[in-house]
Amino acid sequence: MRDEMIFKIRAYRRAAREIEENPQKIADIQDLKKLQEIPGIGEGIANKIIEISETGTCEYYEQLKKTVPVDITTLNSIEGLGPKKIKRLYDELGIQTIQDLEKAIKRKKLQALDGFREKTEQNLLRGITSYKKHRDRFRLDEALGYAQDFVEKLRSHPTTLNVEIAGSLRRRKETIGDADILISSKDPQVSMEFFTSLEEVSRILGKGKTKSTIEFDNSFQADLRVIDAKSWGAALQYFTGDKAHNIKVRKIALDKGLKLNEYGLFNKTGKSIAGKTEKEIYQKLGMQTPPAEIRRDTGEIEAALENKLPNLIEQQHIRGDLQMHTTMSDGINSAEEMAKKGAELGYEYIAITEHNTEGLEVAGGVSAKDIPDYIKQLKSSKAQKLSCKILAGLEVNIGKDGTLTVPDKYLEMLDFVLVAIHSHFRMSKNEMTKRILKAFDNPYVHAFAHPTGRLLLRRDPYEFDFETVCKKAKEKNILLELNALPERLDLDGESAKLAKEFGCKFCIGTDSHSTTQLENMKYGVYMARRGWLEKENVINTLSLKELENHLRQKK
Ligand SMILES: [Zn+2]
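What you see is a predicted model; the values in this text were computed from it and never measured.

A. Examining the overall build of the chain more closely. Of the regular secondary structure elements, the chain holds 24 helices and 17 strands. For 555 residues, the compact-globule estimate of 2.2 N^0.38 gives 24 Å, and the C-alpha radius of gyration of the chain, at 26 Å, lies within 12% of that figure. Taking the principal axes of the C-alpha coordinates as reference, the chain spans close to 75 × 60 × 55 Å. Every one of the 555 residues in the chain was classed for burial, and the buried ones make up 50%. A separation of at least 24 residues holds for 67% of the contacts in the chain among residues at least 6 apart in sequence. Surface accessibility of the chain: about 26,800 Å² in total, with carbon and sulfur atoms responsible for 49%. Taken as two groups, the 91 positive and 85 negative side-chain charges of the chain have centres that lie 3 Å from each other.

B. Expanded view of a positive patch on the surface. A contiguous patch of positive charge, built from R117, K119, R126 and K400, is present on the exposed surface. Relative to the helices and strands, R117 is located in the loop between α7 (98–106) and α8 (118–134).

C. Structural detail: the side chain of S168. With respect to the secondary-structure elements, S168 resides in helix α10 (residues 167–170). Setting aside its immediate chain neighbours within four residues, S168 contacts K173 and I176.

D. Geometry of the sheet that holds strand β16 (residues 479–483). Read from one edge to the other, the open sheet built from seven strands follows the order β11-β12-β13-β14-β15-β16-β17, with strand pairing classed as parallel. Edge positions in the open sheet fall to β11 (320–321) and β17 (506–509), since each of these has one partner strand only. In the packing of helix α17 (residues 371–378) onto the sheet, the strands contacted are β12 (349–355) and β13 (389–397), and the crossing angle to β13 comes to about 155°. Against the sheet, helix α24 (residues 544–553) contacts β12, β13, β14 (416–420) and β16, and its axis sits at roughly 35° relative to β13.

E. Structural detail: the sheet that holds strand β7 (residues 221–226). As summarised here, the arrangement of the five strands in space is β2-β4-β7-β6-β5, forming an open sheet in which the pairing is mixed. Since the sheet does not close on itself, it has two edges, and those belong to β2 (160–166) and β5 (201–207), each with one partner. Across this sheet, the average inter-strand angle for adjacent strands is 20°, counted without regard to direction. Strand direction decides the pairing type here: β2 and strand β4 (residues 178–185), joined by six bridges, are antiparallel. Counterpart to N162 in the pairing with β4 is S184. The sheet strands contacting helix α11 (residues 188–196) are β4, β5, β6 (211–216) and β7, and the helix crosses β7 at an angle near 170°.

F. Layout of the packing of helix α20 (residues 429–440) against helix α21 (residues 466–476). Viewed as axis vectors pointing N to C, α20 and α21 meet at an angle of 5°, and their least axial separation amounts to 10 Å. Taken together, α20 and α21 sit at an angle that is classed as roughly parallel. In this structure, α20 uses T433, I436, L437 and F440 to contact α21, whose residues at the interface are T468, V469, K472, A473 and K476. Partitioning the contact of α20 with α21 into residue classes produces five nonpolar, two polar and two charged.

G. Focus on unusual backbone geometry. A cis geometry characterises the amide bond from D490 onward to L491, with omega recorded as 5°. The backbone of N307 shows a phi angle near 60°, a positive value even though the residue is not glycine. Of note, N307 is situated in the loop between α15 (300–305) and β11. Using a relative accessible area of 58% as the deciding quantity, one classes N307 as exposed.

H. Structural context of the layout of surface pockets. Roughly 230 Å³ of volume is contained in the second largest pocket. As for the second largest pocket, its lining consists of D141, E142, G145, Y146, Q148, D149 and Y523. Looking at which element gives the most residues to the lining of the second largest pocket, the answer is helix α9 (residues 140–155), with six residues. For the lining of the second largest pocket, the residue count by class is two nonpolar, two polar and three charged.

I. Inspection of the coordination of the zinc ion at higher detail. The zinc ion binds to the protein through E395 (OE), H422 (NE2) and H450 (NE2), with metal-donor distances spanning 1.9 to 2.2 Å. In the primary structure, the donors to the zinc ion are separated according to the pattern E-x26-H-x27-H. Separated by 55 residues along the polypeptide, E395 in strand β13 and H450 in the loop between β15 (447–448) and α21 bring together distant segments of the chain. Since its relative accessible area comes to 1%, E395 is described here as buried.

J. The arrangement of the pattern of salt bridges in detail. Scanning all chains against the criterion turns up 40 salt bridges. A salt bridge links E293 to R529; its shortest N-O distance comes to 2.6 Å. Of this pair, E293 sits in the loop between α14 (278–284) and α15 while R529 sits in helix α23 (residues 521–530), and the two are 236 residues apart along the sequence. Each member of the pair E293 and R529 is classed as buried. A cluster of three or more residues bridged by salt bridges with shared partners is formed by E174, R454, D492, E494 and R530.

K. Broad picture of the nonpolar core. Among the nonpolar cores identified, the biggest contains 62 residues, and F448 and F506 are the most heavily contacted of them. Element by element, the count of residues in this core is highest for α20, at five residues. With 30 residues, the next largest nonpolar core counts F195, L198, F220 and L456 among its residues.

L. Inspection of the domain arrangement of the chain at higher detail. Structurally, the chain comprises domain 1 (6–134), domain 2 (138–225), domain 3 (231–305) and domain 4 (315–553). For domain 2 and domain 3, the distance between their C-alpha centres works out to 24 Å. On the side of domain 3, twelve residues touch domain 2, which itself brings twelve residues to the contact. Carbon and sulfur atoms make up 66% of the area that domain 2 and domain 3 hide from each other, which totals about 1,000 Å². Broken down residue by residue, the surface that domain 2 buries against domain 3 is led by R170, R171 and L182, which jointly contribute 61%. At the boundary of domain 2 and domain 3, one finds one salt bridge. Its salt-bridge partner being R170, residue E278 comes within 3.0 Å of it at the nearest N-O pair. On the surface where domain 2 and domain 3 come into contact, there are four residue pairs in polar contact (both at pLDDT 80 or more). Within the residue set of the side of domain 2 that touches domain 3, elements represented by two or more residues are β2, α10 and β4.

Conventions adopted
For every chain, the first residue of its written sequence is number 1, and the numbers climb from 1 along that sequence. Confidence filtering applies because this is a predicted model: local features only for residues at pLDDT of at least 70, side-chain atom pairs given and counted only at 80 or more, and all residues used for totals across whole chains, interfaces and linings. For side-chain calculations, the full set of non-hydrogen atoms in the structure is used, while hydrogens and water are omitted. For helices the rule is a DSSP run of H or I covering at least 4 residues; for strands it is a run of E covering at least 2, with both sets numbered from the N terminus onward. For the radius of gyration, the atoms used are the C-alpha atoms, and the globule rule reads 2.2 Å times the number of residues raised to 0.38. To sort residues, take the accessible area from a 1.4 Å probe on protein chains only and compare it with the maximum for the residue type: under 20% means buried, over 50% means exposed, and anything in between is partly exposed. The contact rule is simple, with two residues in contact once any of their heavy atoms fall within 4.5 Å. Each accessible area value is a Shrake-Rupley result obtained with a 1.4 Å probe; residue values ignore everything except the protein chains displayed when judging cover. Under this rule, positive means Lys or Arg and negative means Asp or Glu; His and the chain ends count for nothing. Think of each charge as sitting on NZ of Lys, CZ of Arg, CG of Asp or CD of Glu. Patches were defined on residues exceeding 30% relative accessible area and lacking a salt bridge, with like-charge contacts within 9 Å and nonpolar side-chain contacts (Val, Leu, Ile, Met, Phe, Trp, Tyr) within 5 Å. Salt bridges are identified by distance alone: a Lys or Arg side-chain nitrogen within 4 Å of an Asp or Glu carboxyl oxygen. Here, a strand pair is defined by DSSP locating no fewer than two bridges between the strands. Axis definition: a line fit to C-alpha positions, over the contact stretch in the case of helices; interaxial angles, taken between N-to-C directions, run 0 to 180 degrees. Comment on the angle field: the value is read as roughly parallel under 35 degrees, roughly antiparallel over 145, roughly perpendicular from 65 to 115, and oblique elsewhere. Gly is placed with the polar residues, together with every amino acid not listed as nonpolar (Ala, Val, Leu, Ile, Met, Phe, Trp, Tyr, Cys and Pro) or charged (Asp, Glu, Lys and Arg). We place a 1 Å grid over just the protein atoms. Points where a 1.4 Å probe fits but has no way out form a cavity, open points with protein on both sides within 12 Å along at least 5 of 7 lines form a pocket, and any residue with an atom within 4 Å of a point lines it. Grid points are joined across faces, edges and corners, and a volume is the space filled by probe spheres set on the points. Coordination here is defined by N, O and S atoms within 2.8 Å of the metal (3.2 Å for Na, K and Ca), and since water is not considered, a site can look incomplete. Take the buried residues of types Ala, Val, Leu, Ile, Met, Phe, Trp, Tyr and Cys, join any two whose side-chain atoms come within 4.5 Å, and each joined set is a nonpolar core. As used throughout, domain bounds are those supplied by an automatic or database domain assignment. By buried area we mean how much accessible surface two parts lose on assembly, using a 1.4 Å probe and totalling the loss over both. N or O atoms closer than or at 3.5 Å make up a polar contact, with two conditions inside protein: a donor-capable atom paired with an acceptor-capable one, and, for residues adjacent in sequence, both atoms drawn from side chains.

Next up, the structure:
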């Protein structure tokens, strides 16, 4: 916004990233020297960190905000707007807020600017609608982080008997409106008092004997309900399944002459016959207990009645991670560091999957002709000594016409070839489908990365015929990725379930840009579970040897 030197901007970005990745809470490091031991943090930034820790803000930032009276944070979360465009809109049209932007679009003022067209206006309008639709929702990782913090604090309180997250968060939905937390307590009043006085709470929206609602600074809300221990399972059942699931389960109870509600399962005389655990309730109804992630009435009830629930994949089945980036592009750790972390996580292998630079304007990557060197580097004797093996992979761009931006003779050298759409998102459904199918015809392709291209709460998927693509993936033996990056979670559960029905196989990759992000694997596993996937459906549950055999078959 202020035409500052690019190196200065980069220095702040790097520092922000390092702070984000630092395992220690940054506010706890109040020592100038210690702060400077963190890579990317010099004396200037270290001083500002201390100032922010102490006062909540810093002078420099407050000054900057005054010189640029633009709501950058909000404008920047609108798809199609980045800092450069925001600056021009401010300089040339005085746009400071989302309301200003809407007005200017309605009056067709943007079209008059150089480089803006009617189409740009339409795209931005779509971006604004999407932003408004999403602004009260939170990504799964954020919501789970907040709620789990709460739950841990409640758990450690002496009056607490039991505490659990319920609702869509327990079902691990990709985005969450608010959190439902259930508690049983020796002293409900004390629990409520404790909950509403936690330090994170910025507003108390409701406070009663059995239910309270609180809000954080960032507008995230959580409900706490006090449950009688003898109704614990009934309440957990009631507040976990989605509406359709619950209606159907209650009907099954009715058909058996029973009544199911949040207090228990009751017979005709009104006597409780189950309620302490979910399992005993489902058992009395003659069914297995469906895992929370699939309680959405998409077949789990019928399966549970026939004792045919799938054996859902678990985190412990994962033996490697199949997508990540390193310092060779915009990651902050080297391949070796990633492999060391992989070993810590108990993995047998990781695939480094840098971007190729052709046809993509992102931060670096590998150009086609450098692929032999890239592979040599990844397979260096030093790297091969690590217990977690490095596979040489590449995330190859699918060109506008469906051809790959790396020639076959280079693709052939790689262990693992992912293809992905990173540009030209707005095509007709038909054209986009053809583009993907054409890419699948390349004999060296192993997997299709982040298949729908969506960014949660930010960018909708591009349009294509999912079923046709699934059929082709099955035919050509191409894996569909479950991208575990919390901003993506792509495929989601519903799509994965559909693809499984078409006979597709899957790989889960964290798309990590640092060692810490390798821990995001759990989110990919949640999506896999929501999609009814079992161990056999996911390729990175294989041992290294089995995986190599599978990948080689392709060649
Ligand atoms: Zn990608």
